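Chain and residue survey
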2 protein chains.
Amino acid sequence: MSNNIVFHNQYISKKQKSQRNKQKSCILWFTGLSASGKSTIANELEKILFEDGYSTYLLDGDNIRFGLNKDLGFDNKSRVENIRRIGEVAKLLIDAGLICLSAFISPFEEDRDNIRSLVEKDEFVEIFIDTPLDICENRDPKGLYKKARNGEIAFFTGISSPYENPKNPELHIETKSKSVQESALEIKNYLKENGYLNA
Amino acid sequence: MSNNIVFHNQYISKKQKSQRNKQKSCILWFTGLSASGKSTIANELEKILFEDGYSTYLLDGDNIRFGLNKDLGFDNKSRVENIRRIGEVAKLLIDAGLICLSAFISPFEEDRDNIRSLVEKDEFVEIFIDTPLDICENRDPKGLYKKARNGEIAFFTGISSPYENPKNPELHIETKSKSVQESALEIKNYLKENGYLNA
């Protein structure tokens, strides 16, 4: 980074923006296997929060790949850079006073911890969407598991590449015994009880 | 880009988010020489818009360089990638229903036009902060012009690298005869008259 850079103070702070949105801005980091339900639950939660008047934005592995990260492949270096950029964008969204939902497989603890360390202590809410592999593989909405089993996709999480379970996630959602709406409401309750909503 | 990507529909649309913010989300792209007043005017405008109840976010060349784009240098390829990423982030902010202000020298027409083509027709508002070079060089708040004149900085816009004036900017602010507040209010009036505010 050049030494020719000086920080500008922005007049309107994160706190002012968050407060006006009656929330504490943060990133809700959904992690879990492909087809575990991350995006579906995140979408449902966003809908609920929006209807309650909160200001949110949903970052999604699928749509960010078409824009900001379209220059990146799927090799190891790209994977790290992919998550790094998403974390930086999430940080900007927090700074904008929004509750940022993000739904990425993000299988590696190190990558997730890097995002956590990027923001303030209570700004990172890790949500483990825990769906057994056999259920995910049965759903297989995009046929990816089948392709992975056939060797058409290399390094596919759960099949040919590991998924590291979060050790201390803020929320551990076992979807086996819960509907999408129940899962979303469980997260909403956490946010309410921990001062992220009605702030 | 992989074929293994499927677009997810997000439940809450840009339009819904914008409407609730009583605005039409867009990017206000401030361009001009170093020390021309881009950031100062953008900051002032953000303050005014916030006080009027609008939802905004300011992207700034100085602070984005510490985060998302900290891996980039100042060579030609990095410059293009720098602006590309900022454009993609601005697009996400528009999608989040915000008025995004961005203040970057962005000296090349091609780069600015690339951002314009990334978003919808009326989502890009190009604002040329037109301050004569001698005034900018006299201000020189970071001592950059002096360094550039001494050959300590290569490819410095206005000194050793060209600034291409916008040909058809939505707003052309000649700061010579205007205060910061007058400039900011002129932009606000444009936004009001063109349906971006009170929408």
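Look up: the structure comes first, before these words.
On a predicted model such as this, the values are computed, not experimentally measured, just so you know. As a convention, each chain's residues are numbered from 1 in the sequence order in which they are written. Written order decides the labels, with chains lettered from A and ligands numbered from 1. Confidence filtering applies because this is a predicted model: local features only for residues at pLDDT of at least 70, side-chain atom pairs given and counted only at 80 or more, and all residues used for totals across whole chains, interfaces and linings.

**Observations concerning unusual backbone geometry**
All names here are of chain B. The phi torsion at K22 lies on the positive side, around 55 degrees, for a residue other than glycine. As for its position among the elements, K22 is in the loop between α1 (14–20) and β1 (26–31). Remark: C-beta atoms are placed from the backbone, and a residue is labelled buried if 20 or more other C-beta atoms sit within 10 Å of its own, exposed if 12 or fewer do, or partly exposed between those counts. Of the residues examined, K22 has 13 C-beta atoms within 10 Å and is grouped as partly exposed. Backbone geometry places A35, a non-glycine residue, at a positive phi of 70 degrees. A run of H or I in DSSP becomes a helix once it reaches four residues, and a run of E becomes a strand once it reaches two; helices and strands are each numbered from the N terminus.

**A closer look at the sheet that holds strand β1 (residues 26–31) of chain A**
All names here are of chain A. What the 5 strands build is an open sheet, ordered β2-β3-β1-β4-β5; its pairing is parallel. Looking along the sheet, the strands with just one partner apiece sit at the ends: β2 (56–60) and β5 (171–174). Neighbour to neighbour, the strand axes of the sheet diverge by 20 degrees on average, direction disregarded. Two residues form a contact once the distance between their C-beta atoms, set from the backbone, is within 7 Å. Angles here are taken between N-to-C directions and fall from 0 to 180 degrees, while the axes themselves are lines fitted to C-alpha atoms, restricted in helices to the stretch in contact. Packing of helix α4 (residues 76–95) onto the sheet brings it into contact with β1, β2 and β3 (99–103), and relative to β3 it is tilted by some 160 degrees. Strands pair, by our definition, only if DSSP identifies at least two bridges between them.

**Topic: the environment of D60 of chain B**
Residues and elements named next belong to chain B. Looking at where D60 falls in the secondary structure, it is placed in strand β2 (residues 56–60). You can call D60 buried: it has 21 C-beta atoms within 10 Å. Sequence-wise, D60 and I105 are 45 residues apart; in three dimensions their C-alpha atoms are separated by 9.9 Å.

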